[in-house]
Amino acid sequence: MVPEDDLRLETENLDLRRLLAQAGIHAAEQQVAERLQRLLFEELHHRVKNTLATVMAITSQSLRTADSLEHGKQAIESRLLALGRVHDLLLQTNWTSAALADIVKAAIAPFDQGGGRFMVQSTNMEVSPGAVLPLAMVLNELCTNAVKYGALSNPTGRVEITATADDAQKQFRLKWTESGGPPVPAPSHRSFGSRLIEHSFVNQLQGRANLDFAASGVVCTLDIPLASLKAAPVNLTPADRVPQQD
């Protein structure tokens, strides 16, 4: 027979070991939660800084190239509204990715109030959060220019947007083609919007942009590596994995 005191002590030790094991699991879970919280704060800080830098660039460059204060105000408002629509789109997916069709739709919707001005043929693909903003802002600039000078400045103009992915060549192409608008003369100098399209935003995607001011309408072609658009998979390191309870 086991003495009663020894049996009680064994039971208490067993309970103690169970509590210590549970505390260890809880401590590990807390460490993971704290690590994830730190990563979230760092990511938020990074995104806020990027957004502020974008807003500052939009504001200063829009005013610098504006013909008047009113023109500068309108340009800033249009670009900041476009920036807000991009953030709304990303919030709907918790900043994970966004469908290419949704990006195009969000960009052109304010300029297609009557409907039927755009014909869109888009490949079905998910775009990484970092690539959503440059793509949407390029489309916003093209829409804005079309409203001022091109196919969207009269009732008969149309815009065709085609987006294709070549998996073999690992390339993505977006082509914007205007028709039915007034003749478009080649500009004497590159505007801020043109520089945004040809350099700033497209460079973020390691791609190339070609703007052709044809008499029949503006044609813009973007060639971008697929790797710059697609979201990379997120892998947790062993230290980030939460221990499983038995």
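None of the values given here were measured: they were computed from a predicted structure. (Residues numbered from 1 in each chain as written. Predicted model: local features only at pLDDT ≥ 70, side-chain atom pairs only at ≥ 80, totals over all residues. Heavy atoms only, no water.)

## Overview of the pattern of salt bridges
Side-chain pairs of opposite charge can arise whenever the charged atoms involved come near each other.
Point 1. Summed over all chains, the structure comprises one salt bridge.
Point 2. For the salt bridge of R173 with D223, the shortest nitrogen-to-oxygen distance reads 2.7 Å. In this pair, R173 is assigned in strand 5 (residues 171-179) and D223 in strand 7 (residues 217-225), connecting sequence segments 50 residues apart.
Point 3. R173 sits in the partly exposed class, given a relative accessible area of 41%. (Salt bridge = Lys/Arg side-chain N within 4 Å of Asp/Glu carboxyl O. Helix = DSSP H or I, 4+ residues; strand = E, 2+ residues; numbered from the N terminus. Buried < 20%, exposed > 50% of the residue type's maximum accessible area, 1.4 Å probe, protein only.)

## A few points about the packing of aromatic side chains
Point 1. In the structure shown here, the tally under the stated rule is one aromatic pair.
Point 2. Where F118 meets W176, the ring centres are 6.1 Å apart and the plane angle is 65°; that geometry is what we call edge-to-face. Here F118, found in strand 2 (residues 118-122), pairs with W176, found in strand 5; they are 58 residues apart in sequence, far enough to count as distant.
Point 3. We classify F118 as buried; its relative accessible area is 12%. (Phe/Tyr/Trp six-rings, centres within 6.5 Å; stacked < 30°, edge-to-face > 60°.)

## Section: unusual backbone geometry
Note: most residues except glycine have negative phi, and most peptide bonds are trans.
Point 1. Even without being a glycine, K170 presents a positive backbone phi close to 60°.
Point 2. Its location among the elements puts K170 in the loop between strand 4 (158-166) and strand 5.

## Some points on helix 3 (residues 100-108)
Point 1. Every buried residue of helix 3 is accounted for by L100, I103, V104, A107 and I108. Each buried residue of helix 3 lies within a common arc of 115° when the element is viewed along its axis, so the set occupies one face. (Arc of directions from axis to C-beta.)

## Some remarks on the sheet that holds strand 7
Point 1. Strand order in the open sheet formed by five strands is 2-4-5-7-6, and the pairing between neighbours is mixed. The open sheet has two free edges, formed respectively by strand 2 and strand 6 (208-214), since each of these has just one partner strand. Adjacent strand axes in the sheet meet at a mean angle of 10°, parallel and antiparallel pairs treated alike.
Point 2. Against the sheet, helix 3 contacts strand 2, strand 4 and strand 5, and its axis sits at roughly 165° relative to strand 2.
Point 3. Across the sheet, helix 4 (residues 129-148) touches strand 2, strand 4, strand 5, strand 6 and strand 7, and the angle it forms with strand 5 is around 10°. (Pairing = 2+ DSSP bridges. Axes fitted to C-alpha atoms, helices over the stretch in contact; angles between N-to-C directions. Contact = heavy atoms within 4.5 Å.)

## Here's the deal with the nonpolar core
Point 1. Ranked by size, the top nonpolar core spans 45 residues in total, and within it L135, I161, F172, W176 and L222 carry the most contacts.
Point 2. When residues in this core are grouped by element, the largest group, eleven residues, is from helix 4.
Point 3. Contacts of F172, omitting those with residues within four sequence positions, involve L100, T123, M125, A163, T164, A165, L222, D223, I224, L226 and L229. (Core = buried A, V, L, I, M, F, W, Y, C linked by side-chain atoms within 4.5 Å.)

## Details of the side chain of S228
Point 1. Relative to the elements of secondary structure, S228 occurs in helix 6 (residues 226-229).
Point 2. A relative accessible area of 18% places S228 in the buried class.
Point 3. Not counting the four nearest positions on each side in its chain, S228 is found in contact with S128, A131, L205 and Q206.

## Examining the packing of helix 3 against helix 4
Axis angle and axis distance: for two packed helices, these are the angle between their axes and the distance between the axes, and together they describe the pair.
Point 1. Helix 4 packs onto helix 3 with a crossing angle of 35° between their chain directions and a minimal axis gap of 9 Å. Between helix 3 and helix 4 lies a crossing whose hand is right-handed. Taken together, the residues of helix 4 that come into contact with helix 3 (itself represented by L100, I103, V104, A107 and I108) are V132, L135, A136, L139 and C143. (Left-handed = near helix turned anticlockwise from the far one by under 90°.)

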